There are 4 protein chains.
Amino acid sequence: MIDSTSVDIRVRYPECDAQSVAHHSVFPVWMEIARVELLRANGASYRECEERGVYFVVVRMELKYRRPAKYDDVITVHVKKTDHSRIKIEHSYEIKRGEEMLAEATTTLACVDKTGRPKAMPEGFIE
Amino acid sequence: MIDSTSVDIRVRYPECDAQSVAHHSVFPVWMEIARVELLRANGASYRECEERGVYFVVVRMELKYRRPAKYDDVITVHVKKTDHSRIKIEHSYEIKRGEEMLAEATTTLACVDKTGRPKAMPEGFIE
Amino acid sequence: MIDSTSVDIRVRYPECDAQSVAHHSVFPVWMEIARVELLRANGASYRECEERGVYFVVVRMELKYRRPAKYDDVITVHVKKTDHSRIKIEHSYEIKRGEEMLAEATTTLACVDKTGRPKAMPEGFIE
Amino acid sequence: MIDSTSVDIRVRYPECDAQSVAHHSVFPVWMEIARVELLRANGASYRECEERGVYFVVVRMELKYRRPAKYDDVITVHVKKTDHSRIKIEHSYEIKRGEEMLAEATTTLACVDKTGRPKAMPEGFIE
């Protein structure tokens, strides 16, 4: 089981606001991309999860913003699985530009079925 | 059958880019809001359409941008149904700030089922 | 000084994901809209702030998601200023559908100049 | 002068709507990414353009949507400069998934200064 990975993402023009820096609401989008890649690094696909009726929803999220990400910057999102139970997973994140820390974050996700009811994660999914 | 309506929308901060004006990709979002309100003005709900397996997809869209929409502006989207067949609807749009024209647009939508196959529009939907 | 306000927002189609519920990254956008309206209720305009070189940036944000917001729902964002210093403001938020709690959140914003350096808030801004 | 290029983009989760396909308003965002890469292939950077007071704004855009782009698909945006004057550039686009055409589009961009007034493109920019 691979517990961490990182992805490089180039900051898009419409992700930026009047200050020419990425809007704070975009960081959760980048964090999600990193989570999906962590899943893929473990041989799974979130798209296939949903096709099999397994959904993950964010139930808690905290972010601390240190420095702005500018338009056209290539930033790196580091994601690490920090804890899990049968129905929840916790991740931590570092969003960096090279060695420079831009933001730190944590999330808790719950596994649910199509109707939103808690569901035990499939075998082989978390360990 | 009501053929036209208008909605007021306040330009959101993350809809704007480094030029402090709404990004061009946001106008189609506003046009869609106006279409949904035109449907509602006729006693229908797009949400209920989808719940009954009736989807509308944009198959063609053209926009001409005249002037920028600035952050916090209240703009008005005027939408008018201009033509239809059993499986397609055409609309035209004017996006204005007061009397000032910001953009003009047209769209063609097709009615499809959940799998994306063309579907005749339900009775009472277009006339 | 008015310390709290609320705004009604209709959930937009592209704000929703494959589960037909608002993506978690949209809640911070709605919270920002409520903050801007709280400012307006106090006779100020965030757009004018920026025009005078006063910017607010989110430095910390925490959200707890209780229930999904569905497409076309009208949700209410309640915002309350909970604390402030000369350079920071804290707010708490409740995002509800009628009486039903969808999410709770807190944010800390810092006042900065155009280059991102901390700046004391203008007189009359926080009390 | 390189007149065309292509970029691969993976469809993001929040770019998709209730139909699990990319919302039509996302295609212009992808097209813009391809234009920026075409500029970069010619040794220029749009970020530096703006830093020097040269902005490009979309003044016309037309899209024809053939097939949906699904969540997690890797799509390719092909962009080609088709015409230009001293103040305008025209591009055409093909958005494909492998050999399959998803959408075709054209745009016209105008070169403006920070205040939005037409401006002649810098030397070396268009040929």
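Reading the values: the criteria
Residues numbered from 1 in each chain as written. Chains lettered and ligands numbered in written order. Predicted model: local features only at pLDDT ≥ 70, side-chain atom pairs only at ≥ 80, totals over all residues. Heavy atoms only, no water. Phe/Tyr/Trp six-rings, centres within 6.5 Å; stacked < 30°, edge-to-face > 60°. Helix = DSSP H or I, 4+ residues; strand = E, 2+ residues; numbered from the N terminus. Buried < 20%, exposed > 50% of the residue type's maximum accessible area, 1.4 Å probe, protein only. Expected span 1.5 Å × (residues − 1). Contact = heavy atoms within 4.5 Å. Least-squares fit on C-alpha atoms with pLDDT ≥ 70 in both. 1 Å grid on protein atoms, 1.4 Å probe; cavity = no way out; pocket = protein on both sides within 12 Å on 5 of 7 lines; lining within 4 Å. Points joined across faces, edges and corners; volume = space filled by probe spheres on them. Disulfide = S-S within 2.5 Å. Buried area = accessible area lost by both parts, 1.4 Å probe. Salt bridge = Lys/Arg side-chain N within 4 Å of Asp/Glu carboxyl O. Nonpolar A, V, L, I, M, F, W, Y, C, P; charged D, E, K, R; others polar.

**Q** Even after reading the chapter, I still don't get the packing of aromatic side chains, so can you show me in this structure?
**A** The geometry of an aromatic ring pair is captured by two quantities: the separation of the ring centres and the angle between the planes. Residue and element names in this part refer to chain A. Here the structure, examined in full by the defined rule, presents 24 aromatic pairs over all chains. Between Y13 and Y71, the aromatic rings sit 5.0 Å apart at their centres with planes inclined by 85°, giving edge-to-face as the arrangement. Separated by 58 residues along the polypeptide, Y13 in the loop between β1 (4-10) and α1 (27-41) and Y71 in the loop between β2 (55-65) and β3 (74-84) bring together distant segments of the chain. With respect to burial, Y13 and Y71 carry one shared label: buried. Seen from their ring centres, F27 and W30 are 4.9 Å apart, and the 50° between their planes marks the pair as tilted. Here W30 and F27 lie together in helix α1, a separation of three residues that amounts to about one turn. Overall, F27 belongs to the buried group, its relative accessible area being 2%.

**Q** Which parts of the structure should I look at to understand helix α1 (residues 27-41) of chain B?
**A** Each α-helix winds once per 3.6 residues, and so residues spaced three or four apart point in a common direction. Residue and element names in this part refer to chain B. For α1, which comprises 15 residues, the first-to-last C-alpha distance of 21 Å matches the rise-based estimate of 21 Å (1.5 Å per residue) to within 8%. Within α1, burial applies to F27, P28, V29, W30, M31, E32, I33, A34, R35, V36, L38 and L39. Considering only its buried residues, α1 is in contact with β1 (4-10), α2 (46-51), β2 (55-65), β3 (74-84), β4 (88-97) and β5 (100-112). One or two steps after α1, the chain reaches G43, where phi turns positive at roughly 85°.

**Q** Can you walk me through the relation of the copies chain D and chain C in this structure?
**A** A rotation about some axis, followed by a shift along it, carries one copy of the chain onto the other. Superposition record for chain D on chain C: RMSD 0.0 Å, screw rotation 180°, translation along axis 0.0 Å. What the superposition gives is, in effect, a two-fold axis relating one chain to the other.

**Q** How should empty space enclosed by the protein be read in this particular structure?
**A** Where empty space is left in the structure can be found by rolling a water-sized probe over the atoms. Inspection of the entire model under this criterion finds one cavity of 30 Å³ or more. In this structure, the largest cavity encloses a volume near 850 Å³. For the largest cavity, the lining is made up of 29 residues, of which P14 and V26 of chain A, P14 of chain B, P14 of chain C together with P14 of chain D are closest to its centre.

**Q** Whenever I open this one, the side chain of H91 of chain A confuses me. Can you help?
**A** All names here are of chain A. Along the chain, H91 falls in strand β4 (residues 88-97). With relative accessibility at 7%, the residue H91 sits in the buried group. Once you skip the residues sitting within four places of it in the chain, H91 turns out to touch R35, L38, V79, K80, K81, T82, A105, T106, T107 and L109.

**Q** Please clarify how the state of the cysteines should be interpreted in this entry.
**A** Taken as a whole and judged by the stated rule, the model has zero disulfides over all chains. Cysteine C16 of chain A shares no disulfide, and the gap to the nearest cysteine sulfur, in C16 of chain B, comes to 13 Å. For C16 of chain A, a relative accessible area of 1% gives the class buried.

**Q** Whenever I open this one, the interface of chain D and chain C confuses me. Can you help?
**A** Frequently, the measure chosen for interface size is the accessible area that the parts lose on association. With eight residues of chain D at the contact, the number on the chain C side is eight residues. Taken together, the two surfaces of chain D and chain C that pack against each other cover about 780 Å², and 55% of this comes from carbon and sulfur. A per-residue breakdown of the area chain D buries against chain C is headed by Y13, P14 and A18 of chain D, which together make up 58% of the total. For the pair chain D and chain C, the interface holds zero salt bridges. Broken down by class, the residue content of the side of chain D that touches chain C amounts to four nonpolar, three polar and one charged.

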